[in-house]
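# Chains, contacts and geometry: an overview
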Amino acid sequence: MIVIPTTYQIWRGCLLGLLCLGALIGTSHASAQWRLDKQIVMILLLTTVASLLFMLNGVIQGAAGALRVGTVYVLWPLLYVFFTGFFRRPEIVVKFEKVILWGIIVSALMGLLFVAESLFGQNGRIKEILAFQGAAIGIYGGYIEYRLFNMTTLIYGFPFLVTLFLVRDKTNRSDFGKYVLITALILVLLAAAVSGRRAFFLVIMLSPFIIGPLLLVSRQYLPLKRLMELILPVILVILGIYSTAVIDFSGIAEKIASARQEFSSGVRFEQFHTLMGQWSEKPLLGYGAGAGSEKMIRSEEMTWTYELSYISLLFQTGIVGVCVYTVAVGWVFTAGIKIVRNRPQAASVILPLLSALAGFLIVNATNPYLWKFDYLWTLFLPVAAINAYRTRAPNSISSS
């Protein structure tokens, strides 16, 4: 899901089925190894019941996707929370974070090799290999723009890597190595520079305003030396990119500046006004889960899907739905921060996941990534980390 998302769905489904079967068998033989925190159970019940009611509302109002969205609203969250019950030790979360780290590195290298071949190569072999990942590239005046499905991993990866570098802690066995983290961060910055993705640039620019307050409310105070160890390589990379003839920062700046103008005259602008106009007629409960507007259809196969995911959620579930899901996501942040404040050594495990989730939620506003199974882990891995600390099994990492 990290390196090659949204592909090989049949094989992925078979593997997932085997994992579920093995987990169920393991749980029946060792029930003490599976446990969910009570608050997670309460949040799950709240969102599941609410989602079923929103789906029922959709059925009553004739929403085309009322039942089909049940996977995203109910089935996938239940499955993720089921696996969350096996997270009883922080060490398990650390192992997953290492997988994310190497997934970020591999994803960045895939993109950079693809761009390098397009600029300097002849045979196009890498593009053929990566065709299953939607490989596409455009070379314009002042900037390059490429596409791979795992670009989302890199967008998630920037705040994750920065936070992990700042709060890494050897005593918690989560020290990934300073130079490995810096190398990964440099690769992500290079991939961002050649991506042409405004969402990527937006997350990078907003990361200080995400990470800073998150560290502050978590009572994490950083030594100046560690901060300089992070800033210096970033400045050198930016200067190195600026000095090349391949990438022109002015072209990138113009692309970012044009976003507002394009939004005000593009499809997303039309979506916003159409969906908000119809929502105002049914503000409390909306038109039901899986509903779409006849005035705005973006997909003939899935008429209920839109780029503006939060506006779409408001249109379909109303103020009540937005409040329910906001409470659930807000709980993830408050519960994670509370753990870090009480157990400072948990910062290196929980805070990178929270900062990356915050960045991902920002990008999700105009790209509905969380409507796919392969990206929901960004939301549920922090939940698993919270469960690991709240239901900590014996002989796990001390975090007090």
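Everything below is about the structure shown above.
The sections below set out a description of the structure shown in this document. (Residues numbered from 1 in each chain as written. Predicted model: local features only at pLDDT ≥ 70, side-chain atom pairs only at ≥ 80, totals over all residues. Heavy atoms only, no water.)

### Here's the deal with the overall build of the protein chain
- Looking only at helices and strands, the protein chain has 14 helices and two strands in total.
- Looking at the protein chain as a whole, 52% of its 400 residues are labelled buried.
- If you take every contact in the protein chain between residues at least 6 apart in sequence, the share linking residues at least 24 apart comes to 77%.
- Roughly 19300 Å² of accessible area belongs to the protein chain as shown, and the carbon and sulfur atoms make up 67% of that amount. (Helix = DSSP H or I, 4+ residues; strand = E, 2+ residues; numbered from the N terminus. Buried < 20%, exposed > 50% of the residue type's maximum accessible area, 1.4 Å probe, protein only. Contact = heavy atoms within 4.5 Å. Areas by Shrake-Rupley, 256 points an atom, 1.4 Å probe, with all protein chains shown as cover.)

### Some details on the environment of Met42
- Looking at the element boundaries, Met42 is found in helix H2 (residues 38-60).
- Spatially, the C-alpha atoms of Met42 and Ala328 are 9.8 Å apart, while their sequence positions differ by 286 residues.

### Quick word on the packing of aromatic side chains
- Tallied over the full model, the rule gives 19 aromatic pairs.
- Here the aromatic rings of Phe114 and Tyr146 are separated by 6.3 Å at their centres, their planes lie at 80 degrees, and the arrangement is edge-to-face. Here Tyr146 lies in strand S2 (residues 143-147) and Phe114 lies in helix H4 (residues 90-120), a separation of 32 residues in the sequence. There is no split in this pair, since Phe114 and Tyr146 are both buried.
- Taken together through their ring pairs, the aromatic side chains of Tyr156, Phe160, Phe360, Tyr369, Tyr375 and Trp377 make up a single cluster.
- If you follow Arg168 out to its NZ or CZ, it ends over the ring of Phe165, 4.5 Å from the centre. (Phe/Tyr/Trp six-rings, centres within 6.5 Å; stacked < 30°, edge-to-face > 60°. Lys NZ or Arg CZ within 6 Å of the ring centre and 35° of its normal.)

### Some thoughts on the nonpolar core
- Ile100, Tyr146, Leu154, Phe160 and Leu161 are the most contacted members of the largest nonpolar core, which has 95 residues in total.
- Residues within four places of Leu161 in sequence aside, it is in contact with Leu101, Ile104, Leu181, Ala184, Leu185 and Val188.
- If you look at the next biggest cluster of nonpolar residues, it comprises eleven residues, including Phe54, Val74, Leu313 and Val324. (Core = buried A, V, L, I, M, F, W, Y, C linked by side-chain atoms within 4.5 Å.)

### Concerning helix H8 (residues 198-217)
- If you check H8, its first and last C-alpha atoms are 29 Å apart, about what 20 residues at 1.5 Å a residue would give, namely 28 Å.
- Of all bends in H8, the biggest is about 45 degrees, found at Leu206, and the proline Pro208 comes one to four residues later.
- Three or more residues of H8 are buried, namely Ala199, Phe200, Phe201, Val203, Ser207, Ile210, Ile211, Leu214 and Leu215. (Expected span 1.5 Å × (residues − 1). Bend = angle between axes of the 7 residues up to and from the residue.)

### Things to note about the packing of helix H3 (residues 70-84) against helix H14 (residues 377-390)
- Interaxial distance between H3 and H14 falls to 9 Å at its minimum, and their mutual angle equals 30 degrees. The orientation of H3 with respect to H14, classified from their angle, is roughly parallel. At the point where H3 passes H14, the crossing takes the right-handed sense. Residue-level contacts link Pro77, Tyr80, Val81 and Thr84 of H3 to Trp377, Phe380, Val383, Ala384 and Asn387 of H14. (Axes fitted to C-alpha atoms, helices over the stretch in contact; angles between N-to-C directions. Parallel < 35°, antiparallel > 145°, perpendicular 65-115°, else oblique. Left-handed = near helix turned anticlockwise from the far one by under 90°.)

### Section: the pattern of salt bridges
- Summed over all chains, the structure comprises six salt bridges.
- Linking Arg12 and Asp374 is a salt bridge whose minimum nitrogen-to-oxygen distance equals 3.6 Å. Placement of Arg12 in helix H1 (residues 9-29) and of Asp374 in the loop between helix H13 (347-364) and H14 is noted, with a sequence separation of 362 residues between them.
- On the basis of relative accessible area, Asp374 is assigned to the buried category, the value being 3%.
- Ionic pairing is found between Arg168 and Glu229, a salt bridge with its closest N-O pair at 3.9 Å. Residue Arg168 is found in the loop between helix H6 (151-167) and helix H7 (178-195), and its partner Glu229 is found in helix H9 (residues 224-243); the two are separated by 61 residues along the sequence.
- For Glu229, a relative accessible area of 21% gives the class partly exposed. (Salt bridge = Lys/Arg side-chain N within 4 Å of Asp/Glu carboxyl O.)

### Quick look at H13
- For H13, built from 18 residues, the straight-helix expectation of 26 Å at 1.5 Å per residue is met to within 8% by its first-to-last C-alpha distance of 25 Å.
- Burial analysis of H13 places 17 of its 18 residues in the buried class, which makes it a mostly covered element.

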